[in-house]
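# Architecture at a glance
One-letter residues, chain by chain:
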Amino acid sequence: MSTPRIKTILVTGGAGFIGGNFIRMFLDRHRDVEVVNLDKLTYAGNLESLRDVEKNSLYHFYRGDIADEAFVRRLFNEWHFDAVVNFAAESHVDRSILGPSAFIDTNVRGTMALLEVSREFGVERFLQVSTDEVYGSLGPTGKFTESTHISPNSPYSASKASADMLARAWWKTFGVPTLVTRCSNNYGPFQFPEKFIPLMIANALRDKKLPIYGDGMNVRDWIYVEDHCDAVDVVLYKGKVGEIYNIGGGNEVANIEMARLILSKLDKPESLLEFVKDRPGHDRRYAMDSSRIETELGWKATRSFKEGIDLTINWYLKNQDWWQRIISGEYQDYYKLQYEER
Ligand code: NAD
Ligand code: TYD
């Protein structure tokens, strides 16, 4: 399959953790592509994370909802995108347990609206950013491959699995050139401090308790966010349409081990650890087999866990303003007033 010619790209959810890191990397790598960031600026969206690219003439921001099909259509009419990368999502499992509706609205309905409008206008590539969580939970051995049965256990993973199925159907039925990437747990700069690693760092720095669900022996396969962004870029340009690509860090760490490591790096006492009630439906272990993307597309995670965790901890130490303001809710109203939905 030939390499797509991409002159304009729609990146959704670019004010979030991974989307923002992706936009920064993409603008740096592709100096002749117009990048449009469409983001609803939910509680998780923060334009402060993109301050350094705001002045780039190839970068454009729109506040809006991917599930608002009429709005998405107007945007396509204005830009005629060659490619779409859909990062926009409700992304936190615990929130999906408290209130699943927003997950269906954005992750399912929103993905369908983007697919429908992409079908109408025609795009060269539609990349759906998905997660290893669609595969469910592993026992002590084995890894997820692209042919592992999907068995989502949380409302979040069920909504992401649904979106993957829509991407497949829009390819098979309508010929929309979709690709799906499924990545393991990301960590790195600009991650919202409700997620495990930044929450542990932020709590340790404030001498607050570190809540560990259940026995702390649940295992995640951690990948540095830039490695994930690199993989998305590689799949976008070199991936085979209609395919799924697993992306993993090859770094399996139990939660309790991770929390202890963070405490020791910050020189804080283990007495801050607090075992709390387990998350319902808590998946025990995730581990990704990334051999397809490695052998077929030549991608490999480059950041070792040791390097990645040091970079991350140092970033949260240096950027206390960024996460303290999020925790206190200071950014929210400011940006929401500045960018009313157009
Ligand atoms: P995030 O919660 O940090 O960011 C999500 C962004 O999407 C926010 O900026 C938010 O404002 C925006 N958004 C939410 N609903 C929207 C809507 N209806 N319309 C437009 N924008 C909307 O999430 P993240 O951690 O950066 O994850 C990005 C994507 O990667 C998600 O699709 C997620 O499922 C997937 N993913 C995440 C991980 C991880 O470890 N964080 C791992 C694998 C896959
Ligand atoms: P999280 O960052 O929510 O990612 P996911 O659930 O999508 O993998 O959680 C990572 C792991 O950390 C998961 O096993 C749940 C656990 N966890 C805690 O033990 N305490 C916490 O406060 C949080 C947020 C997560």
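Residues numbered from 1 in each chain as written. Chains lettered and ligands numbered in written order. Predicted model: local features only at pLDDT ≥ 70, side-chain atom pairs only at ≥ 80, totals over all residues. Heavy atoms only, no water.

## Some points on the sheet that holds strand β11 (residues 244–247)
What counts here: For two strands to be treated as a pair, DSSP must find at least two bridges joining them. Each helix is a run of DSSP H or I of at least 4 residues and each strand a run of E of at least 2, with the numbering of both proceeding from the N terminus. Axis definition: a line fitted to C-alpha atoms, limited for helices to the stretch in contact. Angles are taken between N-to-C directions and run from 0 to 180 degrees.
Read across the sheet, seven strands follow the order β3-β2-β1-β4-β5-β6-β11 without closing on themselves; strand pairing throughout is parallel. Every interior strand has two partners, whereas the edge strands, β3 (59–63) and β11, have only one. The mean inter-strand angle of the sheet, taken between neighbouring strand axes irrespective of direction, is 20°. Note that strand β1 (residues 8–12) and strand β2 (residues 34–39) share five bridges and pair parallel.

## So, the site of ligand 1
Worth spelling out the cut-off: Any residue with a heavy atom positioned within 4 Å of a molecule or strand is treated as near that molecule or strand. Between N or O atoms, a polar contact is any pair within 3.5 Å; within protein, one atom must be a potential hydrogen donor and the other a potential acceptor, and residues adjacent in sequence are included only when both atoms are from side chains. Surface exposure here means Shrake-Rupley accessible area, sampled with a 1.4 Å probe, where a residue is shielded only by the protein chains that are shown. Residues are grouped as follows: nonpolar covers Ala, Val, Leu, Ile, Met, Phe, Trp, Tyr, Cys and Pro; charged covers Asp, Glu, Lys and Arg; every other residue, Gly included, is treated as polar.
By nearness alone, 28 residues border ligand 1, and I18, D39, S91, Y156 and K160 come closest of all. I18 places a polar main-chain atom, nitrogen or oxygen, 2.8 Å from an oxygen atom of ligand 1. Take D65: an N or O atom from its side chain is 2.8 Å from a nitrogen atom of ligand 1. With the chains in place, 97% of the 840 Å² that ligand 1 exposes on its own is no longer accessible. Looking at the shell around ligand 1, its residues break down into twelve nonpolar, twelve polar and four charged.

## Focus: helix α5 (residues 155–174)
This is how it is decided: What a helix should span is 1.5 Å times the count of its residues minus one. Residue burial is assigned from relative accessible area. The probe radius is 1.4 Å, only protein chains are included, and a residue is buried under 20% of its type maximum, exposed over 50%, and partly exposed in between. Only heavy atoms enter the contact rule, under which two residues are in contact if any of them lie within 4.5 Å.
Between the first and last C-alpha of α5 there are 27 Å, a value that for 20 residues agrees with the 28 Å anticipated at 1.5 Å per step. Every buried residue of α5 is accounted for by Y156, S157, S159, K160, A161, A163, D164, L166, A167 and W170. Contact partners of the buried residues in α5: α3 (93–98), α4 (101–121), β5 (125–131) and β6 (178–183). Once α5 finishes, G175 follows within two positions and takes phi at roughly 75°, a positive value.

## Considerations on the environment of I18
In this fold, I18 is placed in helix α1 (residues 17–29). C-alpha of I18 to C-alpha of F87: the two residues are 69 residues apart in sequence and 7.5 Å apart in space. Apart from residues lying up to four places away in sequence, I18 is in contact with F87, N186, V225, H228 and C229.

## Quick look at the nonpolar core
Going by this rule: Each nonpolar core is a collection of buried residues, namely Ala, Val, Leu, Ile, Met, Phe, Trp, Tyr and Cys, held together in the definition by side-chain atoms within 4.5 Å.
Counting residues in hydrophobic clusters, the biggest one holds 72 residues, and the most contacted among them are I9, V85, I197, L236 and M258. When sequence neighbours within four positions are dropped, the list of residues in contact with I197 reads Y187, W222, M258, I262, I309 and T312. Grouped together as the second largest cluster of nonpolar side chains are 22 residues, W79, F81, V108 and V176 included.

## Re the site of ligand 2
Taken together, 18 residues lie near ligand 2, and E133, P211, R220, R279 and H282 sit nearest. Here N185 contributes a side-chain N or O atom positioned 2.9 Å from an oxygen atom of ligand 2. At 2.7 Å, a side-chain N or O of H282 approaches an oxygen atom of ligand 2. Across the complex, the protein chains shield 96% of the 510 Å² of accessible surface that ligand 2 would expose by itself. Those elements that place two or more of their residues in the shell around ligand 2 are α3, α6 (196–205) and β8 (210–213). Ranked by residue count, the leading element in the shell around ligand 2 is β8, at three residues. The class makeup of the residues in the shell around ligand 2 is seven nonpolar, five polar and six charged.

## Quick look at the pattern of salt bridges
The criterion, for reference: Each salt bridge in this description consists of a side-chain nitrogen of Lys or Arg and a carboxyl oxygen of Asp or Glu lying within 4 Å of one another.
Tallying each qualifying case throughout the model produces 28 salt bridges. Where E270 meets R260, a salt bridge forms, and the shortest distance between an N and an O atom there is 3.0 Å. Of this pair, E270 sits in the loop between α8 (255–265) and β13 (273–276) while R260 is found in helix α8, placing the two residues ten residues apart along the sequence. Using a relative accessible area of 44% as the deciding quantity, one classes E270 as partly exposed. Within the structure, one salt-bridge network assembled from shared partners comprises K240, E243, R292 and E296.

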